[in-house]
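# Remarks on the overall topology
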Amino acid sequence: MENNNEYEEYTQAELWDLLDAEEARLLSQYEEPINYYIPGDSMTYLSAMSQCWGIEANKERIEQIETEISRRCKANKSTQTTQQA
């Protein structure tokens, strides 16, 4: 079975650094001027949607990183509980 975890090679500290970088990138995306759609103009539509898709993709990446960090924290917590017993 193939492992599809793209963050497997990262350490916990690297994941936190990556999360910080992605959150900073998202904030910079929010600060950029908004691309508005002018009805009937396909170029403004593509520009506006591209900006939206970029923000959504970044949010999804942040969510994936947070999920991986949480998964590892839960695994470490259960390991510690087992060792204490």
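Residues numbered from 1 in each chain as written. Predicted model: local features only at pLDDT ≥ 70, side-chain atom pairs only at ≥ 80, totals over all residues. Heavy atoms only, no water.

### Section: the overall build of the protein
Put simply, the test is: Starting at the N terminus, helices and strands are each numbered in turn, a helix being any DSSP run of H or I of at least four residues and a strand any DSSP run of E of at least two. Each residue's exposure class comes from its accessible area (1.4 Å probe, protein chains only) as a fraction of the maximum for that residue type: buried when under 20%, exposed when over 50%, partly exposed otherwise. Every residue pair with non-hydrogen atoms within 4.5 Å of one another is taken to be in contact. Only the protein chains shown count as covering a residue, and every accessible area follows the Shrake-Rupley method with a 1.4 Å probe.
When helices and strands are counted, the protein shows 2 helices and 0 strands. The buried share of the protein, reckoned over its 85 residues, is 20%. Sequence-distant contacts in the protein: of pairs separated by 6 or more residues, those separated by 24 or more amount to 74%. When the accessible surface of the protein is totalled, it reaches about 6800 Å², and 55% of it is carbon and sulfur.

### Some points on a negative patch on the surface
Convention followed: Grouping into patches uses exposed residues only, defined as over 30% relative accessible area, and leaves out salt-bridged ones; the cut-off is 9 Å for like charges and 5 Å for nonpolar side chains (Val, Leu, Ile, Met, Phe, Trp, Tyr). In the sections that follow, a salt bridge refers to a side-chain nitrogen of Lys or Arg positioned within 4 Å of a carboxyl oxygen of Asp or Glu. Just so you know, the count uses Lys and Arg for positive and Asp and Glu for negative, and it drops His and the chain ends. For the purpose of locating charges, the reference atoms are NZ of Lys, CZ of Arg, CG of Asp and CD of Glu.
Together, Glu-14, Asp-17, Asp-20, Glu-23, Glu-60, Glu-63 and Glu-66 make up a region of like negative charge exposed at the surface. Within the residue set of the negative patch, elements represented by two or more residues are helix H1 (12-31) and helix H2 (42-84). Within the fold, Asp-17 resides in helix H1. Taking relative accessible area as the criterion, Asp-17 reaches 53% and is therefore assigned exposed.

### Some remarks on the pattern of salt bridges
Overall, the coordinates contain 6 salt bridges when judged by the stated rule. Residues Arg-61 and Glu-6 are paired through a salt bridge, measuring 3.6 Å at the closest nitrogen-oxygen approach. Here Arg-61 is found in helix H2, whereas its partner Glu-6 is found in the segment before H1, with 55 residues between them in sequence. We classify Arg-61 as partly exposed; its relative accessible area is 25%.

### A closer look at the packing of aromatic side chains
We apply this condition: Here the aromatic set is Phe, Tyr and Trp, taking the six-membered ring for Trp, and pairing holds for ring centres within 6.5 Å; pairs whose planes are under 30 degrees apart are stacked, those over 60 apart are edge-to-face, and all others are tilted.
According to the stated counting rule, one finds 2 aromatic pairs in the structure shown. Ring centres of Tyr-7 and Tyr-10 lie 5.8 Å apart, and the angle between their planes is 50°; this geometry places the pair in the tilted category. With relative accessibility at 4%, the residue Tyr-7 sits in the buried group. In this structure Tyr-10 comes out as partly exposed when scored by relative accessible area, which is 31%. Taking the centre distance of 5.4 Å and the plane angle of 75° together, the rings of Tyr-37 and Tyr-45 count as edge-to-face.

### Considerations on the side chain of Glu-68
To keep it simple, the criterion reads: Between N or O atoms, a polar contact is any pair within 3.5 Å; within protein, one atom must be a potential hydrogen donor and the other a potential acceptor, and residues adjacent in sequence are included only when both atoms are from side chains.
Residue position: Glu-68 is located in helix H2. On the basis of relative accessibility, which here comes to 6%, the residue Glu-68 falls in the buried class. Within the structure, Glu-68 has its side chain in polar contact with the side chain of Arg-72 (distance 2.8 Å). Leave out the neighbours within four places in its chain, and Glu-68 touches Asn-5, Tyr-7 and Leu-15.

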